[in-house]
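A closer look at the structure
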Amino acid sequence: MREARGSDRMATISESTKIVRKTPAAGDILPFEAVEATLPNGLRVIVVPTGFPNLVSLQIPVQTGSRNEVEEGLSGFAHFFEHMMFRGTERFSPEAYQQIVSRTGARQNAYTTDDYTNYHLTFAAEDLETILEIEADRFMHLSYPEEAFKTEAKAVLGEYNKNSAEPLQQLFEVQHDHAFNTHTYKHTTMGFLRDIEDMPNQFDYSREFFRRWYRPEYTTVIVAGDVEPERVLAQVEKYWGGWERGSYTVEIPAEPPPRAAVVAHVPWPTSTLPWVTVAFHGPAFSETDKDYVAIDTLLDLQFGETSDVYRRLVEAEQKVDALDAYSPPRADPALVMVLARVKHPDDVPYVRDVIVEAVAEARRRPVDAARLDEAKSHARYGFARTLDNSESIAATLATFVQYRRAFDTVNAAFRLQAALTPEDLHAAARKYLTDANMVLTTLSHEEPPPAMREAPSVERAEASAAEQPAGVPAVIQRSPSGLLRMKFLFGAGSAHDPAGKEGLAALTASMIAEAGSKSRRIDEISRALFPIAGSLRPQTDREMTVFTGVTHRDNLDRFAEVALEQLFDPGWREEDFTRLKERQLNELVQDLRANNEEELGKERLQTNIFAGSAYGHTTLGTIAGIESLTLDDVRGFAARCYTRASLTLGLAGDVPDPFVERLQRDIASLPGGEALAAPDVRARKPSGLEVEIVEKDTRATAISFGQPVDVTRSHDDFAALWLARAWLGDHRASHGRLFQRLREVRGLNYGDYAYVEAFPRGMYQFFPDANIARRAQIFEVWIRPVMPEHGIFALKGALHELEAMVERGLDAEAFEGTRNYLMKNVYVMTKTQDQQLGYALDSRWYGIGEYTAHIRARLEALTLDAVNAAVRRHISPRDLSVVVITKDAAAYRDALLAGEFTPIEYESPKPQDILDEDRTIGARRLGVRPDAVRITPVEDVFA
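Here the structure is a predicted model, which is why all the values come from computation and not from measurement.

Some details on the pattern of salt bridges
The tally for this structure, following the rule as stated, stands at 75 salt bridges. Arg 761 is the salt-bridge partner of Asp 769, the closest N and O atoms lying 2.6 Å from each other. On the basis of relative accessible area, Asp 769 is assigned to the partly exposed category, the value being 24%. Judged by relative accessible area, Arg 761 falls into the partly exposed class, the value being 32%.

Brief notes about the sheet that holds strand S12 (residues 320-326)
With mixed pairing, the five strands of this open sheet are ordered in space as S10-S14-S11-S13-S12. What marks the edges here is a single partner per strand, and that holds for strand S10 (262-267) and S12. The average undirected angle you get between the axes of adjacent strands in this sheet is 10°. Where S12 lies against strand S13 (residues 335-342), six bridges are found, and the strand directions are antiparallel. Opposite Tyr 326, over in S13, you have Met 337 as the bridge partner. Along the sheet, helix H9 (residues 291-303) contacts S12 and S13; its crossing angle with S13, the most-contacted strand, is approximately 20°.

Here's the deal with the environment of Arg 341
Mapped onto the secondary structure, Arg 341 falls in strand S13. Residue Arg 341 is classed as partly exposed on the basis of its relative accessible area of 30%. Once the C-alpha coordinates of Arg 341 and Asp 324 are considered, the two residues, 17 residues apart in sequence, prove to be 9.3 Å apart. Excluding anything up to four places from it in sequence, Arg 341 contacts Leu 273, Pro 274, Trp 275, Lys 319, Val 320, Asp 321 and Ala 322. Engagement of the side chain of Arg 341 in a polar contact is seen with the side chain of Asp 321, the distance being 2.9 Å.

Overview of the packing of helix H21 (residues 574-594) against helix H22 (residues 597-609)
For the pair H21 and H22, interaxial distance at closest approach is 7 Å and the crossing angle is 105°. Of the possible angle classes, the one that applies to H21 and H22 is roughly perpendicular. Contact residues: H21 offers Leu 592, Arg 593 and Ala 594, while H22 offers Glu 597, Glu 599, Leu 600 and Glu 603. When grouped by side-chain class, the residues that make up the contact of H21 with H22 number three nonpolar, no polar and four charged.

Quick word on helix H4 (residues 146-164)
Here H4 is 19 residues long and its end C-alpha atoms lie 27 Å apart, about the 27 Å a rise of 1.5 Å per residue gives. Taken residue by residue, H4 has Ala 148, Phe 149, Glu 152, Ala 153, Val 156, Tyr 160 and Asn 163 as its buried positions. The arc that holds the buried residues of H4, viewed along the axis, is 140°, so those residues lie on one side. Of the exposed residues in H4, the ones pointing more than 90 degrees away from its buried face are Glu 147, Lys 154 and Lys 162. The inward-facing, buried residues of H4 contact helix H1 (77-84), helix H5 (167-179), helix H6 (193-198) and helix H7 (203-213).

Re the packing of helix H10 (residues 308-316) against helix H11 (residues 348-364)
As a packed pair, H10 and H11 sit with axes 11 Å apart at the nearest point and diverge in direction by 170°. It follows from the interaxial angle that H10 and H11 lie roughly antiparallel. Taking contact as the criterion, the partners of Val 309, Arg 312 and Leu 313 in H10 are, on H11, Tyr 350, Val 351, Val 354, Glu 357 and Ala 358. Its residues assigned to classes, the contact of H10 with H11 comprises six nonpolar, no polar and two charged.

Thoughts on the environment of Pro 909
Here Pro 909 shows up in the loop between helix H33 (889-898) and helix H34 (912-922). Exposure remark for Pro 909: the relative accessible area of 81% places this residue in the exposed category.

Digging into H21
With 21 residues, H21 should cover 30 Å at 1.5 Å per step; its first-to-last C-alpha distance of 28 Å lies within 8% of that length. The largest bend in H21 amounts to roughly 35° and is located at Glu 587. Every buried residue belonging to H21 is among Asp 576, Phe 577, Leu 580, Lys 581, Gln 584, Leu 588, Val 589, Leu 592 and Arg 593, and all of these are buried. Residues of H21 that are buried sit in contact with helix H17 (504-513), helix H18 (522-529), H22, helix H23 (623-628) and helix H24 (631-641).

Let's talk about the confidence of the model for the protein
Chain-level statistics for the protein give a pLDDT mean of 93 and a share of 98% at 70 or above. Counting interchain partners and residues more than four positions distant, the pLDDT-below-50 stretch residues 5-10 has eleven contacts.

Focus on the packing of aromatic side chains
Within the structure shown, the criterion is met by 43 aromatic pairs. Above the face of the Tyr 144 ring, Arg 207 is positioned so that its terminal group lies 5.9 Å from the ring centre.

Things to note about the side chain of Glu 803
Positionally, Glu 803 belongs in helix H28 (residues 791-808). Those residues in contact with Glu 803 that lie beyond four places of it in its chain are Arg 808, Pro 877, Arg 878 and Arg 924.

Section: the pairing of strand S7 (residues 107-112)
Where burial is concerned, the two faces of S7 differ: the one with Gln 108, Ala 110 and Thr 112 is buried and the one with Arg 107, Asn 109 and Tyr 111 is not. Bridge count between S7 and strand S8 (residues 117-124): six bridges; the pairing is antiparallel. If you follow Tyr 111 over to S8, its bridge partner there is Asn 118. Joining the antiparallel neighbours S7 and S8 is a turn of four residues.

Reading the values: rules and limits
- Once a new chain begins, its residue numbering starts again from 1 and follows that chain's sequence as written.
- The predicted origin of the model limits local features to residues at a pLDDT of at least 70 and limits the giving and counting of side-chain atom pairs to 80 or more, whereas totals for whole chains, interfaces and linings rest on all residues.
- The side-chain values count all of the structure's non-hydrogen atoms but skip hydrogen atoms and water molecules.
- Whenever a carboxyl oxygen of Asp or Glu lies within 4 Å of a side-chain nitrogen of Lys or Arg, that contact is scored as a salt bridge.
- Here's how the labels work: a residue is buried when its accessible area is under 20% of the maximum for its type, exposed when over 50%, partly exposed in between, all with a 1.4 Å probe on protein chains only.
- Criterion used throughout: strands pair if DSSP finds at least two bridges between them.
- Only runs of H or I of at least four residues qualify as helices and only runs of E of at least two qualify as strands under DSSP, and these elements are numbered from the N terminus.
- Note on geometry: axes are C-alpha line fits, over the in-contact stretch for helices, and angles between N-to-C directions span 0 to 180 degrees.
- We call two residues in contact when some of their heavy atoms are within 4.5 Å.
- Polar contacts, as used here, are pairs of N or O atoms within 3.5 Å; protein pairs need one atom able to donate a hydrogen and one able to accept it. Residues neighboring in sequence count only if both atoms are side-chain atoms.
- Our angle categories are set so that under 35 degrees counts as roughly parallel, over 145 as roughly antiparallel, 65 to 115 as roughly perpendicular, and the remainder as oblique.
- Each residue receives one of three labels: charged for Asp, Glu, Lys and Arg, nonpolar for Ala, Val, Leu, Ile, Met, Phe, Trp, Tyr, Cys and Pro, and polar for the others, Gly being one of them.
- Multiply 1.5 Å by the residue count of a helix minus one, and that product is the helix's expected span.
- The arc refers to the directions leading from the helix axis to the C-beta atoms.
- In this scheme, the bend at a residue equals the angle between the axes fitted to the seven residues that finish there and the seven that begin there.
- One confidence number per residue, pLDDT, is output by the predictor and ranges from 0 to 100.
- Each Phe, Tyr or Trp ring, with Trp reduced to its six-membered ring, pairs with another whose centre is within 6.5 Å; inter-plane angles below 30 degrees give stacked pairs, above 60 give edge-to-face pairs, and intermediate values give tilted ones.
- Lysine NZ or arginine CZ positioned within 6 Å of the ring centre and within 35 degrees of the ring normal marks a charge as sitting over the ring.

Here it is, written out as structure tokens:
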């Protein structure tokens, strides 16, 4: 006999108990040492000292579930016994048992699955021996009278009735009944209703069921927590060692291979949202064969929250409010499925077909290796996040231990997943996602349309996709509006301009939309579009170019023939190239540099902060870059960047399906291409105030300043910064703090605003354009031009307000008022069809949900402390890049460096508190270093 160390009283472990010590190996997902033992009677014991104090979790999975119910008329008994196991023994009545559990403060429950039944408790470590004792008693000596049996049978029927009110439960019941002919997965865990209703007559069989399956050779005792393994093993042997091994086995009938797709429908008696499920006969769970982990991973990639289908159906088109892939690990081959809850019955066939198309795509070609790596990483780290308490660790083990009662099963499964390749997923798709394996099940209150009476063919969809070039992702926002808007968004912009060819992206876009097609000159196109009021306009930004077409539904075919031909078959005429190149140079030199100090200052600030990166020049380019461009450069950029791989299609309005199909066919004429590599957009963080003074002959002084922020719309802190900038200076709005203090109180200028996203052309519009999505942003303050004598004071005043916001934060009134304003204003800023479609495309680019819902949810969840903390985390009032445009640059530089008091005079009296604050602002020392100031003649800007 072996003595168990650390026991309060002598406890021993039998020499015949087989003990194996488990030590984590390289690649194991479980970082714990464990002890696995097999008692002489066949009981398996797994003990895991987790390192978490005070608590112990006990999980007892028994290898009996609905899968074991092979006898006709006796389904549902595994689940029934989950209930009966709480009915007591001769030693401990149900009441006595519950009193003991309550005294230990335990959390207790049980559940039944297709393959196993698990009993679990979590409690204080000091009560482990007591819990082991009472659990062993009920597993070995369960005893109940026929009256209690019949009472519980009625309760189980009540549970079935309760579940029958849940549409998915009924759908699964019908689905499995149609999918399986021989295997016991034909019935759900609850069992067939006719068998549940007959349970009160099966008292004798219930005892037989217990004698067959509740035996040590089918059971595992898992103990995880604040434990000493030797002591636990001794206690388990003490209380469970006398449990007699059984002899019963059963052969589970194998399901023959299906021969054809199955279609089933569940008519729901009351109003409900329709459900569509597309399922396939899939593989069993395995520790050695990759098929299960391959198909599980594939379905998550194709239909999970990061998938194109999810973004399309849930976020963009909003036809579905729930979409999930479900591939439960089972001991025998079972169903794997995609489930969608559809918002409108008329969309059921469409949603089914989108799912089938995605399945066909999985059969047609392997997934991207990088996406697979991301999925494997997410699965591994997501699983690791669950291992933060003893109960979760033990519960996780129970779900894997059920197969062969082994600790290593979970490690083996994750090693298989880590070894997956795109070819493994592709092979699994072709093996299991077949027409013969399909089980299509729907549920709705309405009669399903005739199109749903037959299963679609994934194999025909695969063949059809192989015959034609693949379509591109589409965001479709259907509405009754006859005015249709279409956006062709390419993931290529000025950040993809080659070195020395800055401005190429913008000129290429102009050549597409403003230079005619191969068959029509631009003047012919303009005349043809005039009667139908159609237009095609380009917009180029740092990382995307979008061509926006607008026409009425009545004129779609004409518009496609005339306007869209420019995109699919451009003219590339030399005279157009010369005209547009000259125009672009004038836009840079004359319109931006010479005639617009405000936009010049903002664009210069952007290029200074991102100097040396792909964002380091304006979208228009540089003078030298534009001058170097050739027509061959333009053709080459279009061939490389305007490809199907970089295109997302956006449509809004009453869009006919045949037109969508036509667009996809036309798009197929574009080069296939490859996704463009993400550009280098690293920003340079200023140290102190770094000032560039652009010397220009101008009456006023324009000021912009800012710093890079690692926050975009997908960042957790975006809503907080968005709120803070709105309070500080919402664009073209009078309620901002800067506007109130600099313009309203002091009359310094026309307006003062703050931003956390790029806002080109801000002086011309109230809301930003859509499709200016960027992977790097800056926090920026725009001080609209002031009189030169106020140039230093205006900068000091803005910095004074910024410092107060960062260091003191917003107060509760400011927070609530700004949040309430933004919660409603977001509807105003997305009020047009163009804005809604553009923001939907941007949301897809950022990987977030529909913009208004996303930002409102983030705003709703904000707290004042979270906003102030985010501001302090991301914004510095001292490390800023400043651009000043003024006539006397030397005088401005000297005043900056002098650090002297900056006076301000008014033409009318001001309140004393303002005058006092003026003295504080005027005396502010900016601490600008001489080497941090440079003067640039305007002629040298954007050269």
